[in-house]
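Residues per chain are reported as follows:
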Amino acid sequence: MEWDWNFVWEILPTLIEGVKITILATILGSALAAAVGLAIALLRRSPNRLISRPVGFFAEFIRGTPLLVQLYFIFYVLPDFGILLPPLVAGVIGLGLHYGTYAAEVYRAGIDNVPRGQWEAAKACNLTGRQTWTHIILPQAIPPMIPALANYFIAMFKETPLLSAITVLELMNQAKSVANSYYRYIEPMTLVGVFFLVISLFSVILLRWLERRYGRIEG
């Protein structure tokens, strides 16, 4: 089968719409993962075992099961319990929860890396727990975490084709729809690869800049 540039230009607007949804899902999923990860990391440090242990079990359960299974559960199983979510919302929640559990480990490592003297100094200054976290611990812990978190968010971007399984009209779903309609696969699937490659390379360049600025830690 020969490459058809006319077909490429014809399907390009449709694929670009898919790229927009892919990027939107990644951005929203990353924001949710960052928030969920921080919440899990803080709750797991709670001295109350009734809080820390269930949160720890939840995190391990999510990390131990495939993202695709979680997406199916959120989109196809939750409606049986009266929880019906739009495809994109279900996809963002799935991505955010899944990668939030990994982000929690990055937060944990960053928090544990803060010198013990900083905690003692905050206590000596009679700072409340909230003040200690917001003004002393997190401002020191978060910057070195950024490169590791960025690595996970790049991985999330590459996982977005799984959202096609729950009918999200992201890039892969749009490409499959076009390919099945015209019975031509080489152009749409090649363009999908090109889009993912270009955006991933841009993300890697940004990641390298973050590593130079904040230093590198392992995720």
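Along each chain, residue indices are assigned from 1 in the same order as the chain's sequence is written. Local features in this predicted model are restricted to residues whose pLDDT is 70 or higher, and side-chain atom pairs enter the listing and the counts only when it is 80 or higher, whereas totals over whole chains, interfaces and linings include all residues. Neither water nor hydrogens contribute to the side-chain values; these are computed over all heavy atoms in the structure.

## Digging into the overall build of the chain
Consideration 1: A run of H or I in DSSP counts as a helix once it spans at least four residues, and a run of E counts as a strand once it spans at least two, with each numbered from the N terminus. Each helix and strand counted, the chain has eight helices and zero strands in total.
Consideration 2: Along its sequence from the N terminus, the chain presents helices and strands in the succession α-α-α-α-α-α-α-α.
Consideration 3: Here the C-alpha coordinates of the chain stretch approximately 70 × 45 × 25 Å along the principal axes.
Consideration 4: We call two residues in contact whenever any of their non-hydrogen atoms come within 4.5 Å of each other. Within the chain, contacts between residues separated by at least 24 positions form 77% of all contacts whose residues are at least 6 apart in sequence.
Consideration 5: Shrake-Rupley sampling with a 1.4 Å probe provides the accessible areas, and residues are treated as covered by the protein chains on show and by no other component. Surface exposure of the chain reaches about 12,400 Å², of which carbon and sulfur atoms provide 65%.
Consideration 6: One finds the centroid of the 17 positive side-chain charges in the chain at a distance of 15 Å from the centroid of its 14 negative side-chain charges. Residues counted as positive are Lys and Arg, residues counted as negative are Asp and Glu, and His and the chain ends are not counted. Every charge is mapped to an atom, namely NZ of Lys, CZ of Arg, CG of Asp or CD of Glu.

## Looking at the packing of aromatic side chains
Consideration 1: When the centres of two rings from Phe, Tyr and Trp lie within 6.5 Å, Trp using its six-membered ring, the rings pair. Their planes under 30 degrees apart give stacked, over 60 give edge-to-face, and anything left gives tilted. Tallied over the full model, the rule gives nine aromatic pairs.
Consideration 2: Relative to Tyr 152, the ring of Tyr 102 has its centre 5.7 Å away and its plane inclined at 35°; by these criteria the two rings are tilted. In this pair, Tyr 102 is assigned in helix 4 (residues 87-112) and Tyr 152 in helix 6 (residues 129-159), connecting sequence segments 50 residues apart.
Consideration 3: Through a chain of ring-to-ring contacts, three or more aromatic side chains come together here, namely Trp 3, Trp 5 and Trp 9.

## Observations regarding the environment of Arg 213
Consideration 1: Along the chain, the position of Arg 213 falls in helix 8 (residues 186-214).
Consideration 2: Spatially, the C-alpha atoms of Arg 213 and Arg 116 are 24 Å apart, while their sequence positions differ by 97 residues.

## Focus: the environment of Ile 199
Consideration 1: Summarising the element assignment, Ile 199 is placed in helix 8.
Consideration 2: When its relative accessible area of 21% is taken as the criterion, Ile 199 is described as partly exposed.
Consideration 3: When the C-alpha atoms of Ile 199 and Ile 154 are compared, they prove to be 9.4 Å apart, with 45 residues separating the residues in sequence.
Consideration 4: Each residue touching Ile 199, except ones within four places of it in the same chain, is listed here: Val 19, Ile 23 and Phe 157. Each residue is assigned to one of three classes by its accessible area relative to the maximum for its type, calculated with a 1.4 Å probe on protein chains only: buried under 20%, partly exposed between the two thresholds, exposed over 50%.

## A look at the pattern of salt bridges
Consideration 1: Each salt bridge in this description consists of a side-chain nitrogen of Lys or Arg and a carboxyl oxygen of Asp or Glu lying within 4 Å of one another. Tallying each qualifying case throughout the model produces nine salt bridges.
Consideration 2: Across the salt bridge formed by Glu 187 and Arg 184, the nearest N and O atoms sit 2.4 Å from each other.
Consideration 3: Among the residues examined, Glu 187 registers a relative accessible area of 0% and is labelled buried.
Consideration 4: A relative accessible area of 18% means that Arg 184 is categorised as buried.
Consideration 5: When salt bridges with common partners are traced through the structure, they connect Arg 44, Arg 45, Glu 60, Arg 63, Glu 105, Arg 108 and Asp 112 into a single cluster.

## Quick word on the confidence of the model for the chain
Low pLDDT marks stretches whose predicted atomic positions should not be read closely.
Consideration 1: On average, residues of the chain score 89 in pLDDT, and 97% of them reach the 70 mark or higher.
Consideration 2: Taking the mean pLDDT of every element in the chain, the minimum, 79, falls on helix 5 (residues 116-124) and the maximum, 96, on helix 3 (residues 67-77). The predictor's confidence in any single residue is recorded as pLDDT, a number from 0 to 100.

## Topic: a nonpolar patch on the surface
Consideration 1: What makes a patch is a set of residues exposed beyond 30% relative accessible area and free of salt bridges, joined within 9 Å when like-charged and within 5 Å when nonpolar (Val, Leu, Ile, Met, Phe, Trp, Tyr). A grouping of Trp 3, Trp 5, Trp 9 and Ile 186 is seen on the molecular surface, where their side chains present a nonpolar patch of about 470 Å² in accessible area.
Consideration 2: Classification of Trp 3 as partly exposed rests on a relative accessible area of 31%.

## Overview of the side chain of Thr 132
Consideration 1: Mapped onto the fold, Thr 132 is located in helix 6.
Consideration 2: With near-sequence residues (within four places) excluded, Thr 132 lies in contact with Trp 119, Ala 122, Leu 127 and Ile 137.

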